[in-house]
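Residue-level structural notes
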Amino acid sequence: MTTQHINSLQWHQAMGFARQSCARIFRDGGNPADALEAFGLDADRTYGAADWDKTVEMVAEYLCRQPQERRAA
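Report follows, based on the coordinates. The structure displayed is predicted, hence computed values, not measured ones. (Residues numbered from 1 in each chain as written. Predicted model: local features only at pLDDT ≥ 70, side-chain atom pairs only at ≥ 80, totals over all residues. Heavy atoms only, no water.)

A closer look at the nonpolar core
Note the cut-off: Each nonpolar core is a collection of buried residues, namely Ala, Val, Leu, Ile, Met, Phe, Trp, Tyr and Cys, held together in the definition by side-chain atoms within 4.5 Å. Here the term buried applies to any residue with accessible area under 20% of the maximum for its type, exposed to any over 50%, and partly exposed to those in between, with areas from a 1.4 Å probe on protein chains only. Each helix corresponds to a stretch of at least 4 residues labelled H or I by DSSP, and each strand to a stretch of at least 2 residues labelled E; elements are numbered beginning at the N terminus.
Counting residues in hydrophobic clusters, the biggest one holds 18 residues, and the most contacted among them are Trp11, Phe39, Val59, Ala60 and Leu63. Listing elements by their share of this core, those giving two or more residues are α1 (8-27), α2 (32-38) and α3 (52-64).

Observations regarding a negative patch on the surface
Note the threshold: A residue counts toward a patch only above 30% relative accessible area and without a salt bridge, and it is joined to like-charged neighbours within 9 Å or, for Val, Leu, Ile, Met, Phe, Trp and Tyr, to nonpolar neighbours within 5 Å. Surface accessibility in these figures is a Shrake-Rupley result with a 1.4 Å probe; residues are shielded only by whichever protein chains are displayed. Only one rule defines a salt bridge in this text: a Lys or Arg side-chain nitrogen within 4 Å of an Asp or Glu carboxyl oxygen. Charge assignment: positive for Lys and Arg, negative for Asp and Glu; neither His nor the chain ends contribute. To locate a charge, take atom NZ for lysine, CZ for arginine, CG for aspartate or CD for glutamate.
Taken together, the side chains of Asp34, Glu37, Asp42 and Asp44 make up a negatively charged region of the molecular surface. Mapped onto the fold, aspartate 44 is located in the loop between α2 and α3. A residue is classified by how much of its surface remains accessible, and aspartate 44, at 74% relative accessible area, is exposed.

Some points on the packing of aromatic side chains
The following threshold applies: Two aromatic rings, drawn from Phe, Tyr or Trp (for Trp, its six-membered ring), form a pair once their centres lie within 6.5 Å of each other, and the interplanar angle then sorts them: stacked below 30 degrees, edge-to-face above 60, tilted otherwise.
All chains considered together, the criterion is met by two aromatic pairs. On the basis of an interplanar angle of 85 degrees and a centroid distance of 5.8 Å, the ring pair of phenylalanine 26 and tryptophan 52 is categorised as edge-to-face. Of this pair, phenylalanine 26 sits in helix α1 while tryptophan 52 sits in helix α3; the two residues are 26 residues apart in sequence, bridging distant segments of the chain. Exposure remark for tryptophan 52: the relative accessible area of 24% places this residue in the partly exposed category.

From the geometry alone we can't say anything about function, so treat these as descriptive.
As structure tokens, then:
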């Protein structure tokens, strides 16, 4: 996680959404790299993306970024 402040309510909501989204990808036979790719994150450049826990956290962190920091889809 980065050192910037993230609202705790926003973090919990983002974690819930990330878990739900990653669970659907897992259920459909996907892997953590597929989940990162679904959110536009580069799975090749991220470290520790081989496990679901880290992937869910990375997706939640992406969702908590300021809108101007997110990449266009």
